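Chain residues, written in single-letter form:
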Amino acid sequence: MRLLLVEDDALLADGLQRALRAEGYTVDHIDRGDLVMPALEQGGFELVLLDLGLPGLDGMAALKRLRQQDKQIPVIIISARDALDDRIEGLDCGADDYLVKPFSAVELIARIRARLRRRETPGSETLQIADLEIDPERFTVTRGGQPVSLSRREMSVLLQLVRHRGRVLTRDQLEQGLYGWNEDVESNALEVHIHHLRKKLGSTLIRTVRGVGYSLGGGQE
């Protein structure tokens, strides 16, 4: 899961990124409200954590702009503004949740999990691809009823491909989903994850589209 963190307090942003990455999330950070829409236009994010007192554009204004452009991505406001009117305005402007600073990282992570669960459609908890069953919530994969052990990175690649079935994802799209913008990535890291997935789940599961990227195949050998 890739999150966009919009927070201008560098110390808080650093702490949140560490906590979220330790839970397996990919996190990209920006510190200005006027950068929210350009970041979201690049795609690939599952949820936004949005401060309100931001330079460039106030977080509330950024939220209104986001919803006016029909962006349906979940947004959790994280703000020191604790007045009832502020919380009501944030929710009325389209926020899905509102968390007042200071807060526990554990609580924030629980709210993220809850929000992402609600986003899933009923009956979609387990994803089925040929003889594969994928449970994103429990982080488990079975093949022909037998459990398959995947690393966090391998699972992330697999989920990106499954959720965009029928599309070809470029190398850049997959790498951003795995590592975000700022992590140094070894040149062959993605190919290593693809190789391991094919070895564990079947050589025809992931199709290479030469010069473009990868897409989900049939999953049958």
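Here the structure is a predicted model, which is why all the values come from computation and not from measurement.

Turning to the confidence of the model for the protein, a few remarks are in order. Confidence in the prediction of the protein, expressed as mean pLDDT, is 86, and 92% of residues score 70 or more. Strand S4 (residues 75-79) holds the highest mean pLDDT among the elements of the protein, 97, whereas helix H7 (residues 171-179) holds the lowest, 79.

If you walk across this open sheet you meet the four strands as S6-S7-S8-S9, and the pairing is antiparallel. Two strands close off the open sheet at either side, each with one partner strand: strand S6 (127-129) and strand S9 (146-148). Ignoring strand direction, the axes of neighbouring strands in this sheet form an average angle of 25°. Relative to strand S7 (residues 132-135), S6 runs antiparallel, the two sharing three bridges. Counterpart to Leu127 in the pairing with S7 is Ile134. Contacting S6, S7 and strand S8 (140-143), helix H6 (residues 152-163) crosses the sheet at an angle of about 105° to S7. Along the sheet, helix H8 (residues 189-201) contacts S7, S8 and S9; its crossing angle with S8, the most-contacted strand, is approximately 45°.

Buried residues dominate strand S2 (residues 26-30), accounting for four of its five residues. In this region the chain leaves strand S1 (residues 2-6), passes through helix H1 (residues 10-22) and returns to the parallel neighbour S2; the handedness of that crossover is right-handed.

Moving on to the side chain of Ser79. Counting through the fold element by element, Ser79 comes out in strand S4. Given a relative accessible area of 1%, Ser79 falls into the buried group. Among the polar contacts made by the side chain of Ser79, one reaches the main-chain amide nitrogen of Arg81 at a distance of 3.0 Å. In this structure Ser79 touches Asp51, Leu52, Tyr98, Leu99, Val100 and Lys101, once residues within four positions along its chain are discounted.

What follows is about the environment of Val209. You can see Val209 is positioned in strand S11 (residues 206-209). Along the sequence, Val209 and Leu169 sit 40 residues apart, while their C-alpha atoms lie 9.2 Å from each other. Ignoring sequence-local partners within four residues, the contact set of Val209 consists of Val168 and Ser215.

Taken residue by residue, H7 has Leu174, Glu175, Gly177, Leu178 and Tyr179 as its buried positions. In this structure, the buried side of H7 is in contact with S1, S2, H6, strand S10 (169-170), H8 and strand S12 (213-216). Backbone geometry just downstream of H7 places Gly180 in the positive-phi region, at approximately 75°.

Criteria and cut-off values
Residues numbered from 1 in each chain as written. Predicted model: local features only at pLDDT ≥ 70, side-chain atom pairs only at ≥ 80, totals over all residues. Heavy atoms only, no water. pLDDT = per-residue confidence, 0-100. Helix = DSSP H or I, 4+ residues; strand = E, 2+ residues; numbered from the N terminus. Pairing = 2+ DSSP bridges. Axes fitted to C-alpha atoms, helices over the stretch in contact; angles between N-to-C directions. Contact = heavy atoms within 4.5 Å. Buried < 20%, exposed > 50% of the residue type's maximum accessible area, 1.4 Å probe, protein only. Right-handed = clockwise from strand over helix to strand, strands pointing away. Polar contact = N/O pair within 3.5 Å; in protein donor to acceptor, adjacent residues only side chain to side chain.

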